[in-house]
Amino acid sequence: MVKADLEAVVKFNRERPDVYGNAHPKNLLRAIQEDGDHLSKLSSRHIYSIDQFERESLFQLFRLAAKYEANPDRFGTSLQGKILISAFYEPSTRTRLSFESAWHRLGGDIMSITDRSTTGIAKGESLADVGEMFNNYGDCVVLRDTNANSVREMMSALRIPIINAGNGTDEHPTQAMADLYTIFKWKPSLITEEGSEKINLCVVGLPSKMRTVRSLLKLVALFPECFGQVTIVNDQSMETMFDEGQATQLLDAGIDLQTSDCLDDVLPDADVVYINAIAWEGNSFNQYGKQFHITSDSPLKKSAIILHPLARGAELCCSLDSTEHNWYFAQARGAVFLRQALLTCLVQRAERVLDIV
């Protein structure tokens, strides 16, 4: 007979707990009317920066992601016969596996590179030449690199789409799209109800150094009707907090932009708290704002949700995992469906899933 204490450890429950982001994607699905024309435009585009996106294209991507998430077992062949080249020259868990899971679950095949020392790049081969070879091997490339210029260098040689999965401190566009997808699932009334009460967003991080924050703020500037106030919390001066044009983009969009160095002063009014502490710089990472921590004892609004791009450190306490503030696990889960939607469009397979209820 198995000992009771061992049985308690080895037994698990396949049901996903509701506390990890409990809004059903069908609410968002109903909020957006399908329009495939906006998705077809993506089939001839690389995904480099949030700046290349229009609002309607994003709405349609979110709708397709919600369709995949609402009916995950209905779509298993959208990418059948297609090959993804997954090239991650910087450490990654969630982004790499999220892309690869998205592709596999839609029936595609994958070639994965996780160490540049095993490739021709270690011999001095240029990324442009690598890109030229990739044209012959796959149908789409996902690239992460510590160098901010790497994606552009490979783009110059590609005749297949490439997705920027994080280039140095520059951008991480699909992470930001997954972040906003999560916010709209949490509160679809931001889309459906004209004049709906705007939400206050608290961003704990450094926009000039953190690509996740940089890309998210670009998205926020596209939807000023949804955000009443955006407060950036960190311990840096204004001169180092923003790169040139970052704050201006938000202000020009009509966003009420504030800054603070005291997190507890901001939390009571925040509807969404987005926290990050790690920025990749060069070939390693730096941590910023080590004094900023959120725990279950923090003065959070009762209805507030917390987002984090993960991996987390001490800035986000595990005591929040079992609370209704925890939407960061749902955020990571939803990123798979957002990437499914994007990949489907890039390889010209959107028509296979449009009009399917």
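Residues numbered from 1 in each chain as written. Predicted model: local features only at pLDDT ≥ 70, side-chain atom pairs only at ≥ 80, totals over all residues. Heavy atoms only, no water.

Caption draft 1: Structural detail: the nonpolar core. In this structure, F62, M177 and F227 are the most contacted members of the largest nonpolar core, which totals 74 residues. When residues no more than four places from it in sequence are discounted, the contact partners of M177 are I47, I50, F53, L58, L61, F62, L219, L338 and L342. (Core = buried A, V, L, I, M, F, W, Y, C linked by side-chain atoms within 4.5 Å. Buried < 20%, exposed > 50% of the residue type's maximum accessible area, 1.4 Å probe, protein only. Contact = heavy atoms within 4.5 Å.)

Caption draft 2: Expanded view of the environment of E225. Within the fold, E225 resides in the loop between α10 (211-222) and β6 (227-233). Look at E225 and you get partly exposed, because its relative accessible area is 33%. Between the C-alpha atoms of E225 and I255, which are 30 residues apart in sequence, the distance is 8.7 Å. Contacts of E225, omitting those with residues within four sequence positions, involve R55 and K198. Here R55 takes part through its side chain, which lies 2.9 Å from a polar atom of the side chain of E225. (Helix = DSSP H or I, 4+ residues; strand = E, 2+ residues; numbered from the N terminus. Polar contact = N/O pair within 3.5 Å; in protein donor to acceptor, adjacent residues only side chain to side chain.)

Caption draft 3: Quick peek at helix α8 (residues 173-186). Compared with an ideal rise of 1.5 Å per residue, which puts 14 residues at 20 Å, α8 spans 20 Å between its outermost C-alpha atoms and is within 8% of the ideal. α8 sits mainly inside the fold: 13 of its 14 residues count as buried. (Expected span 1.5 Å × (residues − 1).)

Caption draft 4: How the structure looks around the sheet that holds strand β4 (residues 162-167). Strand order across the open sheet formed by four strands is β2-β1-β3-β4, with parallel pairing between neighbours. Each edge of the sheet is formed by a strand with only one pairing partner; in this case those strands are β2 (109-113) and β4. Strand-to-strand twist across the sheet, computed as the mean angle between neighbouring axes with direction ignored, equals 10°. In the sheet, strand β1 (residues 83-88) pairs with β2 via five bridges, with the strands oriented parallel. Bridge assignment links I83 to a residue of β2, and that residue is D109. (Pairing = 2+ DSSP bridges. Axes fitted to C-alpha atoms, helices over the stretch in contact; angles between N-to-C directions.)

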